Amino acid sequence: MIGIALGVWALIVVLSVMNGFVSQVRDRMLSVVSHVEVFASNGALSDWRAVEQTVRRNPAVIGAAPYINAQALLTRGESVRGALVRGIDPAAEPAISDIASQLRGAPLTALADGEFGVILGGELARALGALLGDKVTLIAPQGQVTPAGVVPRLKQFTVLATFDSGHFEYDSALALIHIGDAARLFRLDGPTGVRLKLTDMQRAPEVAVELAQSLEPGLLVRDWTRQNRSWFAAVQIEKRMMFIILALIIGVAAFNLVSTLVMSVTEKQSDIAIMRTLGASPASVMLVFVVQGALIGVLGTLLGVAIGLLTANNMDKIFPAIERIAGFPLIPKDIYFISSLPSDPRASDIVPVALISIALSLVATLYPSWRASRVKPAEALRYD
């Protein structure tokens, strides 16, 4: 019973933590990344206002904002970092992302056209050693031809604020500037695309297909699941593999149940023989051991589910306590997407685990119960 409970407990805790990990990464990612992006295959959109009007006709779209994406280098003193520079419209950005609520320093509206202010990810600012009010130099990869040769374009920006989304990949690489400054710096005639927010982010792939059919040819539509498809696919595969591997613990416990019942049948051969002589049928004898094994399986499963849910629902307290005892962080945030151990127990995981555990327990009772039903009274009582 304890073996079955441990197997069920381990499965529930691991699957709950993996669910929580995916949910945390997704939510933090979507605080910076839009649900859907519509962008030109090359260069800027010829008429982004028309694109915005078209996409807003879809009832699933509740927010839209133009943007410019480009790669650049940021330098301060001897520190140099590569960055994803995103030109945004400060007035429209809150409609499609939560970045405004994560700022430390000036508000998002402090980004003004022509004043060349920048908002840096917290990790990027720390890597550059930049504080609020400091100057950083942005180096655009598109150079300009001079008599001395091709010279990269340089522009100094003032750090107005920093943000911490909790997603290291973006906190260490993203820089936000005004969309007008981005257009001048990267020599674009307008936004490179439009970012959208939906009523239900889970419908993003479906809505992306609908938008692609309504837009003119030459425009590409990409939803958040496609932007990080390889990561989410890898997590799903890992979750399946962990389910299979940890289910073997329940399999081992079921094998122990087989051996326990076989020993019980061997010890109780005389009692079984007496029952048979008093008129018990082979089916009734078999039912006794099936019920015994089923009770062990059901009670072990219920115990494992109870302990698993208790552990999963209190992981936010258990994990910090383990880190305090260990004396060092178990999940460094500069290596992993998040530095905590979230948990999200779901019935869609717990119910299959419980059913598989009970099913394995019932299957494990078949052979010992069959052996018990085959005991011959005369042979069992010969020496008693």
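Here, the structure is the one placed above.
Residues numbered from 1 in each chain as written. Predicted model: local features only at pLDDT ≥ 70, side-chain atom pairs only at ≥ 80, totals over all residues. Heavy atoms only, no water.

**Some remarks on the pairing of strand E1 (residues 36-40)**
Counted only if it meets this: With a 1.4 Å probe rolled over the protein chains alone, any residue whose accessible area is under 20% of its type maximum counts as buried; one over 50% counts as exposed, and the rest are partly exposed. Working definition: helices are DSSP H or I runs of at least four residues, strands are E runs of at least two. Numbering for both runs from the N terminus. In this analysis, strands are considered paired if DSSP registers two or more bridges between them.
Where burial is concerned, most of E1 is hidden: five out of the five residues are buried. Of the two faces of E1, both are covered, the one formed by Val36, Val38 and Ala40 as well as the one formed by Glu37 and Phe39. Note that E1 and strand E9 (residues 193-198) share four bridges and pair antiparallel. Directly across from Phe39, in E9, lies its bridge partner Gly193. In this sheet, strand E10 (residues 219-223) lies alongside E1 in antiparallel orientation, the contact comprising five bridges.

**Observations regarding unusual backbone geometry**
Its identity is not glycine, yet Phe116 carries a phi of approximately 55 degrees, on the positive side. Looking at the secondary structure, you find Phe116 in the loop between strand E4 (103-105) and strand E5 (117-121). With phi around 55 degrees, Arg187 is a residue other than glycine that occupies positive phi space. By secondary structure assignment, the location of Arg187 is in the loop between helix H5 (179-186) and E9. With relative accessibility at 52%, the residue Arg187 sits in the exposed group.

**Here's the deal with the packing of aromatic side chains**
Quick note on the threshold: A pair of aromatic rings is counted whenever rings of Phe, Tyr or Trp (Trp by its six-membered ring) have centres within 6.5 Å, and the orientation is called stacked for planes under 30 degrees apart, edge-to-face for over 60 and tilted otherwise. Whether a charge sits over a ring depends on NZ of Lys or CZ of Arg being within 6 Å of the ring centre and within 35 degrees of the ring normal.
Within the structure shown, the criterion is met by two aromatic pairs. One cation-aromatic arrangement involves Lys155 over Phe116; the distance from NZ or CZ to the ring centre is 4.3 Å.

**Description of the nonpolar core**
Our working definition: By convention a nonpolar core is built from buried Ala, Val, Leu, Ile, Met, Phe, Trp, Tyr and Cys residues, the set being connected through side-chain atoms within 4.5 Å. A contact between two residues is defined here by any heavy atoms of the two lying within 4.5 Å.
Ranked by internal contacts, the top residues of the largest apolar core, which has 42 residues, are Val38, Ile119 and Leu196. Once you skip the residues sitting within four places of it in the chain, Val38 turns out to touch Leu45, Val51, Val55, Tyr67, Thr192, Gly193, Val194, Leu196, Leu215, Leu219, Leu220 and Val221. Leu120, Ala125, Ala130 and Val159 belong to the second-largest nonpolar core, a separate cluster that totals 25 residues.

**Brief notes about empty space enclosed by the protein**
Just so we agree on the cut-off: Method remark: on a 1 Å grid restricted to protein atoms, a set of points is classed as a cavity if a 1.4 Å probe fits but cannot get out and as a pocket if it is open with protein on both sides within 12 Å along at least five of seven lines; lining residues have an atom within 4 Å of a point. Grid points are joined across faces, edges and corners, and a volume is the space filled by probe spheres set on the points. For this classification, the nonpolar set comprises Ala, Val, Leu, Ile, Met, Phe, Trp, Tyr, Cys and Pro, the charged set comprises Asp, Glu, Lys and Arg, and every other residue, Gly included, is treated as polar.
Counted under the stated rule, the structure contains one cavity of 30 Å³ or more. Considered as a void within the structure, the largest cavity measures approximately 30 Å³ in volume. Around the largest cavity, the lining residues are Ser31, Val32, Arg86, Glu93, Ser97, Ile99, Leu174, Leu176 and Arg195. Class assignment of the residues belonging to the lining of the largest cavity gives a composition of four nonpolar, two polar and three charged.

**Description of the environment of Ser369**
Test applied: N or O atoms within 3.5 Å of each other form a polar contact, as long as, within protein, one can give a hydrogen and the other can take it, and as long as residues adjacent in sequence are counted only when both atoms are side-chain atoms.
Tracing the sequence through the fold places Ser369 in helix H12 (residues 347-373). Note on Ser369: relative accessible area 0%, which makes it buried. For the pair Ser369 and Ser284, spaced 85 residues apart in sequence, the C-alpha to C-alpha distance is 9.9 Å. Those residues in contact with Ser369 that sit more than four places away from it in its chain are Met286, Phe289 and Val290. A polar contact is formed between the side chain of Ser369 and the backbone nitrogen of Val290, at a distance of 3.3 Å. Of the polar contacts made by the side chain of Ser369, one reaches the backbone oxygen of Thr365; its length is 2.6 Å.

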